[in-house]
Amino acid sequence: MSIITRKKSGKKQRAPLSQRTWSIGFLSLAVVIYIFYTYIVPHTSDGFQSQIQTWFPPSALNEALVWVIAALGLNIVVGYAGLLDLGFVAFWAIGGYTAGWLMSGFFNQWNIHFGSESAKVIPGIHLSFWLVLILGALLCAFFGIVIGAPTLRLKSDYLAIVTLGFGEIIPQIFVNGENIHGFNLSNGTKGISPVDSIGIFGKRLGPFDLNYKYMIFVFMAALMVFISLRLRSGRLGRAWLAIREDELAASMMGVPLMKTKLAAYAVGAISGGLAGVAYATHVNGIFAERFQFSISIILLAMVVLGGMGNVWGVMVGALLIAWVNSTGLPALGNEINSTFKTNINFPSYTFLIFGALLILMMLFRREGLLPESRLKLMLHESDAEEGNEAPHDQISEEGAM
Amino acid sequence: MTKLTRVVSVVAAASMVATAFVAAAVPSQAAATKTLVIATDVPLQGSSFDSNDSTNKAIALYLKSIGGKVGKYSITLKYYDDATATAGAWDAGQCAQNAQAHVANKAEIAVIGTYNSGCAKIEVPILNQDPKGPMLMVSQANTNPGLTKSWNPGEPDVYYPTGVRNYARVCTTDDNQGSAAAQFAKSIGVKSVYVLNDTQTYGQGVAQAFTTEAKKDGLNVLSSGPAGQGWDATQSDYTALFQKIAPLNPDMVYFGGIYDNNGGQLLKDKVAVLGDNTKVKLMAPDGFTGYPQFNSDPNAAGAYLTFAGLSNELLVANNPTGAGAKFLASYKKTYGKAPVGSYPIYGVAALQVILAAIAKSDGTRKGVTEAVFSGTGVTIPAAQSVLGKALHISTLTGDTTAKDITVEQIVGGQETTLKAWTVK
């Protein structure tokens, strides 16, 4: 519901909305959803509640927000700097394992407690969720630079292949990291579970405090949006765009390629790290087998479908695809099967539907659902009627934030 | 500022629509007989689809055959899928989401599932903390021992935050198979063993259980480490590994793992270096069963295999007129083909446990869980049990007492049943 509403509100406007309007819209929508789930749903009939559980379960919403956080990071790398990254899942995995290592009884040979609400008697490293968020982000930023460094001299396809390799290597290390010269790094395919719950204001969140988790995840998404928008309108953001449009011209104009590209990788990776930590607390564990290539592809699809380079578009794309993947398609399939007495396994056609959707998008709306105006102009350069929106609009809008 | 007003008004309109929705929703009418919902929670995408689809069908068929009723309650089923297309298999996020939904759907009384132990490790703690529960989960397929008994540090208590058990299973665990293999090895006069594992969860589990039991039974375990020596599935040659083992002169080598992990090469090099399976015996768990390629390999002749539980064929052979055989016949009649794999029949066994618990309870989640874990617990008599023998769930651990292990031997390129082994 929420997704469609926001999409419509974006479509109805003829002139592009300013970033400030979008931000206020985002926050008020977040508040409305919060009020709806926390105060309205518990007082409704059982039938309505089970409808909500089928179509819009609150935990699917939280998971969709985790996807949003990761997609916003990928948007910086792909959407802003134009560096095609096919291995973004690696950062998600690293962030997740940071939470697994620092917020569970996994390393029971040590007994470190700091700022965590978990019982002091449990051995292992138990740090505060908020500290782990920062550490996960820093670790990912470091790995972002590590992956970025060898790719600096590469372009397009070759760059994608290197990132793809990185995205395969990291999860493999976690799958096989059970015995590294006697040291158990990742517990192999068994994974690490359970992970400590989030502590906030001295309260320890239980498994059913989804509304608190929702607020925390919204906050994290908002933080990433803020970072994206501020960087985008600043010196670094303009340098990213310059590289995206024409790398050679940018370097001729004095844009430091190495520094700028590494910054894109690092900032994007931070977001992946945040998503990883959030994900580990969301599912209460971390499992190596989950971090597959398909996750990177879905993230990329979110960015492309939503509108590369536009944080709001990416957010809409991420919410939409995450919902389709986790709830929408199975629920719709069940509905169709029970109405028409058919027996079609809808979820098995997910990738077919995604594929068709992406092809249609590329044919009719290459710029994405909510395009960045600069990109839209570029893609429609050949169109006959055009010129209502000048590129300087975009810059002035984003500067207004 | 007009744009801002527009956005705010759209948002406000959306919230009003949502509220109207709420108001319009019809309150559910109270039924004459109380209807309870049993959920199944299995991956319905990816390679395990066929087996799990059969499980759902088998459960539905069995429920229909008993009239969809137990005691004063009528029972309906609700199917959950814990896989996503993105993952192509079970997905941790989906498991967390399903667990939340089980708790939130008020009519739901208990859950059959999950198929994967990793998924159960996510769902069990959530169901355990259900304010109206704990909510019972009975798995037909989780073989990881840590869910119910001491295994890795902290297990199984980490999965039961409230300190009360709510998870049971009707299948045997990996460690039972390892134990049975060690006991069997002793019974055929083996004095010393060398244990290998494929470094994966399953392989390490059985190898560890084998090692522990072998030591307990006084066998000389020549390999070091709790689960023996790992073999790397990506290696092209294991001659060096077996040359290291040869001077130790083991009576038997145990392959804890699955055949897919380069088991063929491992077998070839074992026979080449240590000699055939009459000279140095070979034993392997059910990860090596069901592979025609392994069975027909001349190097495999004489190898011993164990199988956890009873295959459908064995089940019918053991008790041709029992409830299990009858059920399998009616499944074939209804759907035109036999269920895929052995787990569907165990899914029905899980349903039987839940139905028995409901019959004994007051119809609440807490009551159903308590029916399994307190007092005399739940027992399915042999005459009714689809597994063909009495099934009792331990009130302390939630494990089944029907710990069937079948010992087989490769004779003439075929898996032949040697004997049924009951774990001591």
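Every value quoted in this text rests on a predicted model; they were computed, and no experiment measured them.

Asks: How would you explain the overall build of chain B if you had to name every residue and give the values?
Replies: Helix and strand counts for chain B stand at 13 helices and 18 strands. Across its three principal axes, chain B shows a C-alpha extent of roughly 85 × 65 × 45 Å. Relative to its full complement of 424 residues, chain B shows a buried share of 54%. The long-range share in chain B, meaning contacts at least 24 apart out of those at least 6 apart in sequence, stands at 74%.

Asks: Describe the nonpolar core, with residues and values.
Replies: Core analysis: the biggest nonpolar cluster contains 190 residues, and Val68(A), Ile69(A), Ala71(A), Met302(A), Ala318(A), Val353(B) and Ile354(B) have the highest contact counts within it. Ranked by the residues each element gives to this core, the list is headed by helix H4 (residues 58-80) of chain A, at 16 residues. When near neighbours in sequence (up to four residues on either side) are disregarded, Ala318(A) contacts Ala64(A), Trp67(A), Val68(A), Ala71(A), Met302(A) and Gly306(A). Residues Trp231(B), Phe242(B), Leu267(B) and Ile405(B) belong to the second largest nonpolar core, which totals 48 residues.

Asks: Can you tell me about the sheet that holds strand S8 (residues 167-169) of chain B, naming the residues and giving the values?
Replies: The mixed open sheet is built from 6 strands, whose spatial order is S2-S3-S1-S6-S7-S8 (chain B). The sheet is open, and its two borders are formed by strand S2 (69-70) and S8 of chain B, each paired with just one other strand.

Asks: Go over the confidence of the model for chain A with me, naming the residues and quoting the values.
Replies: All names here are of chain A. For chain A, the average pLDDT comes to 83, and 89% of its residues sit at 70 or higher. In the model, residues 1-14 has pLDDT below 50 throughout and makes 19 contacts with residues more than four positions away in sequence or in other chains. The low-confidence segment residues 384-401, where pLDDT is below 50, has 24 contacts with residues more than four positions distant or belonging to other chains.

Asks: Which residues make up the sheet that holds strand S3 (residues 124-127) of chain A, and what values do they have?
Replies: Residues and elements named next belong to chain A. Spatially, S1-S3-S2 is the arrangement adopted by the 3 strands of the open sheet, whose pairing is mixed. Of all the strands in the sheet, the pair left with one neighbour each is strand S1 (103-104) and strand S2 (111-114). Alignment of S2 against S3, held across 4 bridges, turns out to be parallel. Within the sheet, the bridge partner assigned to asparagine 111 lies in S3 and is glycine 124.

Asks: Describe helix H11 (residues 323-335) of chain B, listing the residues and the values that go with them.
Replies: All names here are of chain B. An ideal rise of 1.5 Å per residue puts 18 Å on 13 residues; H11 measures up with 18 Å between its terminal C-alpha atoms. Among the residues making up H11, those that are buried are Ala323, Gly324, Phe327, Leu328 and Tyr331. The arc enclosing the buried residues of H11, seen along the axis, measures out at 130°, which places them on a common side. In this structure, H11 carries Ala329, Lys332 and Lys333 as exposed residues pointing more than 90 degrees from its buried face. Of the residues trailing H11, glycine 336 is marked for its positive phi of about 80°.

Asks: Describe the pairing of strand S7 (residues 136-139) of chain B, listing the residues and the values that go with them.
Replies: All names here are of chain B. Taking every second residue as pointing to the same face, both faces of S7 are buried, with Leu136 and Val138 on one and Met137 and Ser139 on the other. Pairing analysis gives 3 bridges linking strand S6 (residues 108-113) to S7, with the strands arranged parallel. Its bridge partner being in S7, alanine 110 is matched across the sheet by leucine 136. In this region the chain leaves S6, passes through helix H4 (residues 117-128) and returns to the parallel neighbour S7; the handedness of that crossover is right-handed.

Quick notes on the rules
- Residues numbered from 1 in each chain as written.
- Chains lettered and ligands numbered in written order.
- Predicted model: local features only at pLDDT ≥ 70, side-chain atom pairs only at ≥ 80, totals over all residues.
- Helix = DSSP H or I, 4+ residues; strand = E, 2+ residues; numbered from the N terminus.
- Buried ≥ 20, exposed ≤ 12 C-beta atoms within 10 Å, placed from the backbone.
- Contact = placed C-beta atoms within 7 Å.
- Core = buried A, V, L, I, M, F, W, Y, C linked by C-beta atoms within 7 Å.
- Pairing = 2+ DSSP bridges.
- pLDDT = per-residue confidence, 0-100.
- Expected span 1.5 Å × (residues − 1).
- Arc of directions from axis to C-beta.
- Right-handed = clockwise from strand over helix to strand, strands pointing away.

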